[in-house]
Amino acid sequence: MIYMREISKLTGREYKPFNYYGHEEAERIIVAMGSVTETAEETVDYLVAKGEKVGLIKVHLYRPFSAKYFFDVLPKTVKKIAVLDRTKEKGADGEPLYLDVRNIFYESDFRPVIVGGRYGLGSKDTTPSQILSVYENLKTDKPKNRFTIGIVDDVTNTSLEIKEVIKTEPAGTIKCKFWGFGSDGTVGANKQAIKIIGDDTDMYAQGYFAYDSKKSGGVTISHLRFGHEPIKSTYLITDADFMSCSKQSYVYQYDLLRGLKKGGTFLLNCIWDEEELEKNLPAKMKRFIAENDIDFYTINATRIASEIGLGGRTNMIMQSAFFKLAEVLPLDEAVEHLKKSIVSAYGRKGEKIVNMNYEAVDRGIDSLVKINVPDAWKNARDEEPEDHKSPEFIKNVVEPMNRQEGDDLPVSTFVDREDGTFPQGTAAYEKRAIAVDVPHWIKENCIQCNQCSFVCPHAVIRPILVDEEEKSNSPETFETIKPIGKGFDGLTYRMQVSPLDCTGCGNCADVCPAKEKALVMHHFEDEYEVQSENWDFAMTVKSKSDLFEPTSLKNSQFHQPLLEFSGACAGCGETPYVKLMTQLFGDRMLIANATGCSSIWGASAPSTPYCKNQKGQGPAWSNSLFEDNAEYGYGMAVANRQIREKIELAMKEFIELGLDSDINQYFNEWMEGMDDPKATKAAAGMIIPRLTKDTGNKRGNEILKSISELKDYLIKRSVWVVGGDGWAYDIGFGGLDHVLASGENINVLVLDTEVYSNTGGQSSKSTPTAAVAKFAASGKKVRKKDLGMIAATYGYVYVAQIAIGANMNHALKVFKEAESYDGPSLIIAYAPCINHGIRTGMGTTIRQEKKAVDSGYWHLYRYDPRLADEGKNPFTLDSKEPKESFMDFINTEVRYTSLKLAFPEEAEELFKEAEANAKARYEVYRKMARD
């Protein structure tokens, strides 16, 4: 208590082990701890004002749990208590706080009714209406125990029904909701707005920021409250005075105006004029705007940002428009604060960036268009939606979750899916339409190299081969050309784009090597209708992959990518490697994925981008913890090996029975090539149909049945452990080292972004000297860890460094060599990241990889122990001596140039040291290659 009194003196807030809030003679109280107590306080104020005797005990010191201090604050008039826990203790008779509260009354003569309930699980919001339902439950003669709030439990029926929706925020609170697009700067700008209003005025300010599970490119929703009274509303806004939407396509994807008050203001960033709004706005939105007297404004922030040079960052344009429309502050004052915040946020990036954002503020104010809403909108009607016959899981789970309505789903939706398994390929149904520009194929210029498909981070551009019958059934706009090369008899060729799945990064057009570009970026609206129909048809075309071994860059792209449409950033440097891996081995892959970027874009509900081919085969994917992913994958590899050894023993026993069966031949073929994917595929095709035949021998039939139960293991599995540098170099390094040292036949792919990409850009042991990152704000002082050479010291680990942009064929070769090696393999792939701040943008990440190698920043090599067995040097240096300037390269990335602005003298020294480190590493490699 002494310390709590001191804290109370320092903060001006009263802190005791338990604090009471509410009516002095309360009869019904809630006991809870954490942020939910603020919401409960609002509800208590609302009910007390209506004459109800309710209260709240807030727990500030949970352990030790003191009965004395609890009873000190408990009103003697209490008859019923509801205890709220934010946890679910499986197998227990109740949750922890509930059991503690119930226990302290055990020896007391004072015996109120005590019930417990759960709230906020699964990140569910807890609102005043839910808290009201708890107090209403206490009103009943027999209050429900072990209840839940925040969900609709129509299976075990634990949830309390919300019978009344109440609003409890202080009068005069201004509530604003902003729909943004990940990486457009909306969240950052709204945080600045909170800071401006909270720090520079006498108003209170609050911000909550909700995100979907995508990387940059996902939806963001900012909830801002401003007012002259303290704000206790620890929940998202459900009735807004102002709404803003920064992405035009959202009008089709989300119920944007849900909760906008009558007479509220709506600001939409779009390219449409009033006539085009009439044509393109959904009827539901038109009706809401007209029926609720909404003040409707538009602004073409996308065009303004492009003209200024800000790319897709519309944040300052939309923010200044907000301050003009919402009138939270006098406009001149708001502009002054905004421009000060720009200097603070972007000053280190240079005067040019600051001035561009100044212009964005000014143009955001001057470019608003007030829309005159016609009365006819009240009667607007949508056309009947086309039934795409999506699977039930897509309709019932994926689509509501993607509409940000997942919290509305009842528990019954997930019956028979209690283990959390999601079907593969749900990302194909999202159709996010987030690109401003998409690639347009010019067939006359195409040299059919397939490089565009090879580098596409999201697998949205693919070469399609059609036969005569398929061509005759194609849309008129599905133009094809004669294929170049051998083996294409009777086929024609097309490069097809999916506009609705494209993120618009432009890497495909950037790498196109044709003399006259065969891919140019066109506005989404110009391509959407025609190319969407063409894409839908292309997805019905039979795969021709059986005709082409993936031994070359071109041929590899005729194999379906089994990673498609992920939530990775536009231009992501990681996904092209994993996509290629699935094209080579995806029909027989097991993937253990470390937590990090690759686990987030790899499988965040409801999006599963790993998919199946036309035969129903695809990668089996699972995510482990950050620290033990290598061991997790190792377990898969060992289990797989032991199961296959069991199959081998069963086959040997069957053959020894001496039965006259033709399956003996195929058993022998399988055992001879059991580590050869092709051989096991061929043998499995002959074995599986014969496993159900009666041999006339009891033991023989038993053996065939046991093999049949394990038939999925007949084909050689390709086991991969995938993760980022934060896992491989740092947190999971110990486990990774053990797994590589084991000698097990397992493959490891490290996606090296040289920073903790998923958690905000913290420095890792992969971060090079001089790079700026979190925890290395003045530049990394020590050199990058050489993970590959550490692994190579074992002598029996296949090790390689690759960079697709520098040498695509090299990357392809490395994957095939690593997978074919009977032992551990480690591939370290250079992956440019949005955290690098590439000055030419994420549409040039592939080109950036080439620059990294040409300048000696990154090196390509292979260490193949098989060569040593042949008496050859196992180390091959595949990148040539640097021919471009190292300094020029690092000056293309903000993670280095920002150091010059913040610490110019230190930057000069660290840059020299970084270059010296890179040269020293190259010399080590060159010496190894000569020896």
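Structure: above.
All figures in this text were calculated on a predicted structure; none of them were measured in a lab. (Residues numbered from 1 in each chain as written. Predicted model: local features only at pLDDT ≥ 70, side-chain atom pairs only at ≥ 80, totals over all residues. Heavy atoms only, no water.)

### Details of the overall build of the chain
Logical step 1: In terms of regular secondary structure, the chain is built from 34 helices and 25 strands.
Logical step 2: A globule of 931 residues ought to have a C-alpha radius of gyration of about 30 Å, and the chain, at 31 Å, matches this closely.
Logical step 3: Projecting the C-alpha coordinates of the chain onto the three principal axes gives extents of approximately 85 × 75 × 65 Å.
Logical step 4: Counting only carbon and sulfur atoms, one obtains 50% of the accessible surface of the chain, whose full area is about 41400 Å².
Logical step 5: Side-chain charges of the chain comprise 115 positive and 135 negative groups, with the mean position of each set lying 2 Å from the other. (Helix = DSSP H or I, 4+ residues; strand = E, 2+ residues; numbered from the N terminus. Rg over C-alpha atoms; globule rule 2.2 N^0.38 Å. Areas by Shrake-Rupley, 256 points an atom, 1.4 Å probe, with all protein chains shown as cover. Lys, Arg positive; Asp, Glu negative; His and termini not counted. Charge placed at Lys NZ, Arg CZ, Asp CG, Glu CD.)

### What to know about the pairing of strand β7 (residues 174–181)
Logical step 1: The element β7 is extensively covered by neighbouring structure, given that seven of its eight residues are classed as buried.
Logical step 2: Bridge count for β7 against strand β9 (residues 219–227) is eight bridges, and the pairing is antiparallel. Each residue of the ladder has a partner; that of Trp 179, found in β9, is Ile 221.
Logical step 3: Here four bridges tie β7 to strand β10 (residues 240–245), and the two strands are oriented parallel to one another. From the neighbouring strand, Trp 179 faces β10, where its bridge partner is Cys 245. (Buried < 20%, exposed > 50% of the residue type's maximum accessible area, 1.4 Å probe, protein only. Pairing = 2+ DSSP bridges.)

### Topic: the pattern of salt bridges
Pairing of side chains with opposite charge becomes possible as their charged atoms draw close.
Logical step 1: By the definition in use, this model includes 64 salt bridges.
Logical step 2: Two residues, Lys 9 and Glu 6, come together in a salt bridge whose shortest N-O distance is 3.4 Å. Of this pair, Lys 9 and Glu 6 are both found in helix α1 (residues 2–11), three residues apart, which corresponds to roughly one turn of the helix.
Logical step 3: Lys 9 gets classed as exposed once you look at its relative accessible area, which sits at 64%. (Salt bridge = Lys/Arg side-chain N within 4 Å of Asp/Glu carboxyl O.)

### Looking at the packing of aromatic side chains
Logical step 1: Taken as a whole and assessed by the stated rule, the structure comprises 41 aromatic pairs.
Logical step 2: With 6.4 Å between their ring centres and 55 degrees between their planes, Phe 296 and Trp 377 make a pair best called tilted. You can see Phe 296 sitting in strand β12 (residues 295–299) and its partner Trp 377 sitting in the loop between β13 (369–370) and α14 (392–402), a full 81 residues away along the chain. The exposure classification of Phe 296 matches that of Trp 377, with both residues buried.
Logical step 3: Judged by centre distance (5.0 Å) and plane angle (85 degrees), the rings of Phe 393 and Phe 422 are edge-to-face. Of the two residues, Phe 393 is situated in helix α14 and Phe 422 in the loop between α14 and β14 (437–441); the sequence distance between them amounts to 29 residues.
Logical step 4: For Phe 393, a relative accessible area of 11% corresponds to the buried category.
Logical step 5: The ring of Tyr 713 carries the charged tip of Arg 717 above its face, separated from the ring centre by 4.4 Å. (Phe/Tyr/Trp six-rings, centres within 6.5 Å; stacked < 30°, edge-to-face > 60°. Lys NZ or Arg CZ within 6 Å of the ring centre and 35° of its normal.)

### A short note on the sheet that holds strand β23 (residues 825–830)
Logical step 1: Here eight strands make up an open sheet; going across it, the order is β19-β18-β20-β21-β23-β22-β24-β25 and the pairing mixed. Each edge of the sheet is formed by a strand with only one pairing partner; in this case those strands are β19 (620–623) and β25 (875–877). Averaged over all adjacent pairs, the angle separating strand axes in this sheet is 15 degrees, with direction ignored.
Logical step 2: Sheet analysis places strand β18 (residues 589–593) next to β19, joined by four bridges and oriented parallel. Within β19, the position partnered with Ala 592 by the bridge is Ser 622. (Axes fitted to C-alpha atoms, helices over the stretch in contact; angles between N-to-C directions.)

### Notes on the sheet that holds strand β5 (residues 113–118)
Logical step 1: Reading across from one edge, β1-β3-β2-β4-β5-β6 is the order of the six strands in this open sheet, with mixed pairing throughout. The open sheet is flanked by β1 (18–22) and β6 (147–148), the only strands paired with a single partner.

### Thoughts on the nonpolar core
Logical step 1: Counting 86 residues, the largest nonpolar core has Met 581, Leu 749 and Phe 815 as the members making the most contacts within it.
Logical step 2: It is helix α34 (residues 904–930) that contributes the most residues to this core, seven residues altogether.
Logical step 3: Apart from the residues within four sequence positions on either side, Phe 815 is in contact with Tyr 577, Leu 580, Met 581, Leu 584, Phe 585, Trp 720, Leu 749, Ile 802 and Ile 827.
Logical step 4: In this structure, Ile 304, Met 316, Met 318 and Ala 360 belong to the second largest nonpolar core, which totals 38 residues. (Core = buried A, V, L, I, M, F, W, Y, C linked by side-chain atoms within 4.5 Å. Contact = heavy atoms within 4.5 Å.)

### Observations regarding unusual backbone geometry
Working note: non-glycine residues mostly have negative phi, and peptide bonds are mostly trans.
Logical step 1: Cis geometry is adopted by the peptide bond preceding Pro 64, which originates at Arg 63 and carries an omega value of 0 degrees.
Logical step 2: Turning to its location among the elements, Pro 64 is positioned in the loop between β3 (54–59) and α3 (67–73).
Logical step 3: In this structure, Pro 606 follows Ala 605 across a cis peptide bond, with omega equal to 5 degrees.
Logical step 4: Within the secondary structure, Pro 606 sits in the loop between α21 (597–600) and β19.
Logical step 5: Non-glycine residue Arg 146 carries a positive phi angle of around 55 degrees.
Logical step 6: Counting through the fold element by element, Arg 146 comes out in the loop between α5 (128–139) and β6.

### Some remarks on a positive patch on the surface
Logical step 1: On the surface, a cluster of positive charge is contributed by Arg 313, Arg 348, Lys 349, Arg 839 and Lys 900.
Logical step 2: Here Arg 313 is to be found in the loop between α10 (301–308) and α11 (315–326).
Logical step 3: With a relative accessible area of 34%, Arg 313 lands in the partly exposed category. (Patch = residues over 30% accessible without salt bridge, like charges linked within 9 Å, V, L, I, M, F, W, Y side chains within 5 Å.)

### Topic: the environment of Ser 249
Logical step 1: With respect to the helices, strands and loops of the structure, Ser 249 is situated in the loop between β10 and α7 (250–253).
Logical step 2: Among the residues examined, Ser 249 registers a relative accessible area of 12% and is labelled buried.
Logical step 3: Residues Ser 249 and Tyr 493, spaced 244 residues apart in sequence, show a C-alpha to C-alpha distance of 31 Å.
Logical step 4: Aside from chain neighbours lying at most four places away, what touches Ser 249 is Arg 432 and Ala 433.

### Some thoughts on the side chain of Thr 168
Logical step 1: Along the polypeptide, Thr 168 turns up in the loop between β6 and β7.
Logical step 2: In terms of polar contacts, Thr 168 uses its side chain to reach the side chain of Glu 42, at 2.5 Å.
Logical step 3: A distance of 3.3 Å separates the side chain of Thr 168 from the side chain of Tyr 235, its partner in a polar contact.
Logical step 4: What Thr 168 contacts, discounting residues up to four positions off in sequence, is Glu 42, Tyr 46, Pro 128 and Tyr 235. (Polar contact = N/O pair within 3.5 Å; in protein donor to acceptor, adjacent residues only side chain to side chain.)

### Side note on the packing of helix α2 (residues 36–49) against α5
Logical step 1: In the contact formed by α2 and α5, the axes pass within 9 Å of each other and the chain directions differ by 65 degrees. If you check the angle between α2 and α5, you find them roughly perpendicular. At the point where α2 passes α5, the crossing takes the right-handed sense. Listed contacts from α5 to Val 36, Thr 39, Ala 40, Glu 42, Thr 43, Val 44 and Leu 47 of α2 are Pro 128, Ile 131, Leu 132 and Tyr 135.
Logical step 2: Class assignment of the residues belonging to the contact of α2 with α5 gives a composition of eight nonpolar, two polar and one charged. (Parallel < 35°, antiparallel > 145°, perpendicular 65-115°, else oblique. Left-handed = near helix turned anticlockwise from the far one by under 90°. Nonpolar A, V, L, I, M, F, W, Y, C, P; charged D, E, K, R; others polar.)

### Brief notes about the pairing of β5
Logical step 1: Judged by how many residues are buried, β5 sits mostly within the fold: five of six residues are covered.
Logical step 2: Of the crossover connections in this fold, the one passing from strand β4 (residues 80–85) over helix α4 (residues 96–104) to the parallel β5 is right-handed.
Logical step 3: Judged from the two bridges that link them, β5 and β6 form a sheet pairing that is parallel. Pairing of Arg 118 across the sheet is with Thr 148, part of β6. (Right-handed = clockwise from strand over helix to strand, strands pointing away.)

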